[in-house]
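# Reading the structure
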Amino acid sequence: MTTHAPAVEAHDLTKTYPGGVTALDGMAVTVAAGTVFGLLGPNGAGKSTTVKILTTLARPDSGTAAVAGHDALRHPDRVRRAIGVVAQKSGADPVATGRENLLLQGRLYGLRGTALARRADELLARFDLTGAAGRLVRTYSGGMQRRLDVALGLVHRPQVLFLDEPTTGLDPEARTAMWEEISRLAGDEGLSILLTTHYLEEADRLAERIAIVDRGRVVAEGTPDELKGELRGDAVHMELRETPGPVDAQLLRAALDSFAGVREVVFDGRRLSARADDGPAAVPHVLAVLEREGAHVASVTVARPSLDDVYLRYAGRRFAEADAAATASVPAAAAGGAR
Ligand SMILES: Nc1ncnc2c1ncn2[C@@H]1O[C@H](COP(=O)(O)OP(=O)(O)OP(=O)(O)O)[C@@H](O)[C@H]1O
């Protein structure tokens, strides 16, 4: 693979499972080499099915998929040698030690002797597991197990790493530590990473580019800032106090609309909402106009657009709603929460 070839390039993937569930419906994903790409979507959106196809564990009904420059459908063996996979469920043997797990994994990839021992020690140190290397994995905390999972995926120095929901089930501290580690892998080591997540914050923090997936296809794609930028500006919400007489909504709207950078002014009873290019800067002006027109403000909130707003715009429903709908029939232990 040349450094400029995409790490992952898949187009028009479709897959319907026996029983008629359409998991993928024209899915496409391109990951530039050396970058972190996030597939973001609620449970059931088709993220895992996409990863299974790209990691050669499933075949699509139609479409193309290339990973590390190899055709995943025609040369799955070549793809397997070039990738590391950290699945949702840990692949580590709980009744073996951390070091034994790494040595076994290395042997599966043809590493032997001192080269293998050195690589295992390197990864144990790298993932802060040296002190626990001789302990059975079943005694590890959730965060330690997840770090070992990532180390196992890296033993054979893959070019492309697939992380399927890397922080589901971790406490906030372990999640932050894992985020730092993932950023370092892409930054310092030039690894290409495709991660799937249904944590909005995780995609925002880690991924240079994000594809928002809904019902088996990409509904929006770009950098986190590009996606949020499409919503143009901050949301400003104000609660008005009761006034003796009615507020002249039309007059207020006309006065506010005349400000550069304030738009989409909406009155809803005693609530006013608007979009502003720079919310904090607009608030004093908006307050002054309202006071001048006899409307008194009880509270003000300014919110930056979130990926949830982006999701709402493209998928037509809130992320948490979609997640809840998909997980309603899934056992609680298997379902995470959207953030
Ligand atoms: N082996 C299977 N047989 C039948 N249906 C399946 C199978 N695997 C997945 N599905 C269905 O395909 C759809 C997409 O599932 P997929 O696991 O790819 O989504 P996801 O976005 O990864 O969600 P999750 O985070 O819950 O894994 C869902 O409706 C799911 O129920």
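Here is what the cut-offs are and how they apply
Numbers given to residues run from 1 along each chain, matching the order in which its sequence is written. The predicted origin of the model limits local features to residues at a pLDDT of at least 70 and limits the giving and counting of side-chain atom pairs to 80 or more, whereas totals for whole chains, interfaces and linings rest on all residues. Calculation of side-chain values draws on the structure's entire complement of heavy atoms; hydrogens and water are dropped beforehand. UniProt positions are given in the numbering used here, feature names are shortened, and annotations may be inferred rather than shown by experiment. Secondary structure elements follow DSSP: runs of H or I of four or more residues count as helices, runs of E of two or more count as strands, with numbering from the N terminus. Burial classes follow relative accessibility: with a 1.4 Å probe on protein chains only, a residue under 20% of its type's maximum area counts as buried, one over 50% as exposed, and anything between as partly exposed. Contacts between residues were defined by any pair of non-hydrogen atoms, one from each residue, lying within 4.5 Å. The protein chains shown are the only cover counted for residues, whose accessible areas, like all others here, come from Shrake-Rupley with a 1.4 Å probe. Neither His nor the chain termini are counted; the positive set is Lys and Arg, and the negative set is Asp and Glu. Lysine's charge is taken at NZ, arginine's at CZ, aspartate's at CG and glutamate's at CD. Aromatic pairs are defined between Phe, Tyr and Trp rings, using the six-membered ring for Trp, whenever the two ring centres lie within 6.5 Å; interplanar angles under 30 degrees are classed as stacked, those over 60 as edge-to-face, and all others as tilted. Any Lys NZ or Arg CZ found within 6 Å of a ring centre and within 35 degrees of that ring's normal is scored as a charge over the ring. To obtain an axis, a line is fitted to C-alpha atoms, over the contacting stretch when the element is a helix, and the angle between two such axes runs from 0 to 180 degrees between their N-to-C directions. Each angle is binned into one of four classes, with values under 35 degrees roughly parallel, values over 145 roughly antiparallel, values of 65 to 115 roughly perpendicular, and all other values oblique. Two helices crossing with the near one rotated counterclockwise from the far one by less than a right angle form a left-handed crossing, whereas a clockwise rotation gives a right-handed crossing. We call Asp, Glu, Lys and Arg charged. Ala, Val, Leu, Ile, Met, Phe, Trp, Tyr, Cys and Pro are nonpolar, and the rest, Gly among them, are polar. Only heavy atoms are used to decide nearness, and a residue is near a molecule or strand if one of them lies within 4 Å of it. Here a polar contact is recorded for every N or O atom pair within 3.5 Å, except that within protein the pair must consist of a potential hydrogen donor and a potential acceptor, and residues adjacent in sequence are included only if both atoms are side-chain atoms. Helix span, expected: 1.5 Å multiplied by one less than the number of residues in the helix. Any two strands with at least two DSSP-identified bridges between them are counted as paired. Any residue with relative accessible area above 30% and no salt bridge may belong to a patch, with like charges joined within 9 Å and the nonpolar Val, Leu, Ile, Met, Phe, Trp and Tyr side chains within 5 Å. Note on definitions: salt bridges are taken to be side-chain nitrogens of Lys or Arg within 4 Å of carboxyl oxygens of Asp or Glu.

- The name given to the protein in an unreviewed UniProt entry is ATP-binding cassette domain-containing protein, with the source organism recorded as Actinacidiphila polyblastidii.
- As its UniProt record puts it under Subcellular location (unreviewed entry), the protein is described as follows: "Cell membrane".

### Let's talk about the overall build of the protein
- Regarding its fold elements, the protein presents twelve helices and 14 strands.
- Expressed as a percentage of the 339 residues in the protein, the buried residues total 45%.
- Considering only contacts in the protein between residues 6 or more positions apart, those separated by 24 or more positions represent 67%.
- For the protein, the exposed surface amounts to about 16300 Å²; the carbon and sulfur share of it is 51%.
- Side chains of the protein give 40 positive and 44 negative charges; the mean places of these two sets differ by 6 Å.

### Structural notes on the packing of aromatic side chains
- With the rule as written, the count across this model stands at zero aromatic pairs.
- One residue, Arg126, lies across the ring of Phe127, its end atom 5.8 Å from the ring centre.
- Against the face of Tyr199 rests Arg175, its NZ or CZ located 4.1 Å from the ring centre.

### Here's the deal with the packing of helix 3 (residues 98-108) against helix 5 (residues 142-154)
- Their axes nearest at 9 Å, the elements helix 3 and helix 5 cross at an angle of 25°. The pairing of helix 3 with helix 5 is recorded here as roughly parallel in orientation. The hand of the helix 3/helix 5 crossing is right-handed. Across from Gly98, Asn101, Leu102 and Gln105 in helix 3, the residues of helix 5 making contact are Leu148, Ala151 and Leu152.
- Tallied by class, residues from the contact of helix 3 with helix 5 come to four nonpolar, three polar and no charged.

### Overview of the site of the ligand
- The ligand sits among 13 residues. The nearest are Gly44, Gly46, Lys47, Ser48 and Thr49.
- A distance of 3.0 Å is found between an oxygen atom of the ligand and a backbone nitrogen or oxygen belonging to Ala45.
- Expressed as a share of its isolated accessible area of 630 Å², the protein-covered part of the ligand is 64%.
- Looking at the shell around the ligand, the elements with two or more residues in it are strand 2 (21-31) and helix 1 (47-54).
- Among the elements that make up the shell around the ligand, the one with the highest residue count is helix 1 (three residues).

### Regarding helix 10 (residues 279-292)
- Between the first and last C-alpha of helix 10 there are 20 Å, a value that for 14 residues agrees with the 20 Å anticipated at 1.5 Å per step.
- Those residues of helix 10 that sit buried are Gly279, Ala282, Val283, Val286, Val289 and Leu290.
- Turning to helix 10, the residues buried within the fold contact strand 11 (234-240), helix 9 (249-257), strand 12 (262-268), strand 13 (271-276) and strand 14 (297-303).
- One or two residues past the end of helix 10 sits Gly294, with phi positive at roughly 85°.

### Observations regarding the pairing of strand 9 (residues 209-214)
- With respect to burial, strand 9 is a largely interior element, five of its six residues being buried.
- Where strand 9 lies against strand 10 (residues 217-222), five bridges are found, and the strand directions are antiparallel. Opposite Ile212, over in strand 10, you have Ala220 as the bridge partner.
- In textbook terms, the turn of a hairpin is the stretch between consecutive antiparallel strands, and for strand 9 and strand 10 this stretch comprises two residues, one of which, Arg215, has a positive phi near 50°.

### Here's the deal with the sheet that holds strand 2
- The antiparallel open sheet is built from four strands, whose spatial order is 2-1-4-5. Each end of this open sheet is capped by a strand with a single partner; those strands are strand 2 and strand 5 (70-71).
- Bridge analysis of strand 1 (residues 8-17) against strand 4 (residues 62-67) gives five bridges, and the strand direction is antiparallel. Residue pairing in the sheet places His11 in a bridge with Thr64 of strand 4.

### Some remarks on a nonpolar patch on the surface
- Taken together, the side chains of Leu104, Leu108 and Tyr109 present a nonpolar region at the surface, about 320 Å² in accessible area.
- With respect to the helices and strands, Leu104 occurs in helix 3.

### Structural notes on the UniProt feature "domain: ABC transporter" (unreviewed entry) in the protein
- The residues that UniProt annotates with the feature "domain: ABC transporter" (unreviewed entry) are residues 8-240.
- For residues 8-240, the helix share is 36%, the strand share is 29%, and the end-to-end C-alpha distance is 52 Å.

### Topic: the packing of helix 3 against helix 4 (residues 113-126)
- At their nearest, the axes of helix 3 and helix 4 sit 9 Å apart, and the two run at 130° to each other. One finds that helix 3 runs oblique with respect to helix 4. You can see that helix 3 and helix 4 cross each other, and the crossing is right-handed. Residues Arg99, Leu102, Leu103, Gly106 and Arg107 of helix 3 form the contact with helix 4, whose participating residues are Leu116, Ala117, Ala120, Asp121, Leu123 and Leu124.
- Per-class residue counts for the contact of helix 3 with helix 4 are seven nonpolar, one polar and three charged.

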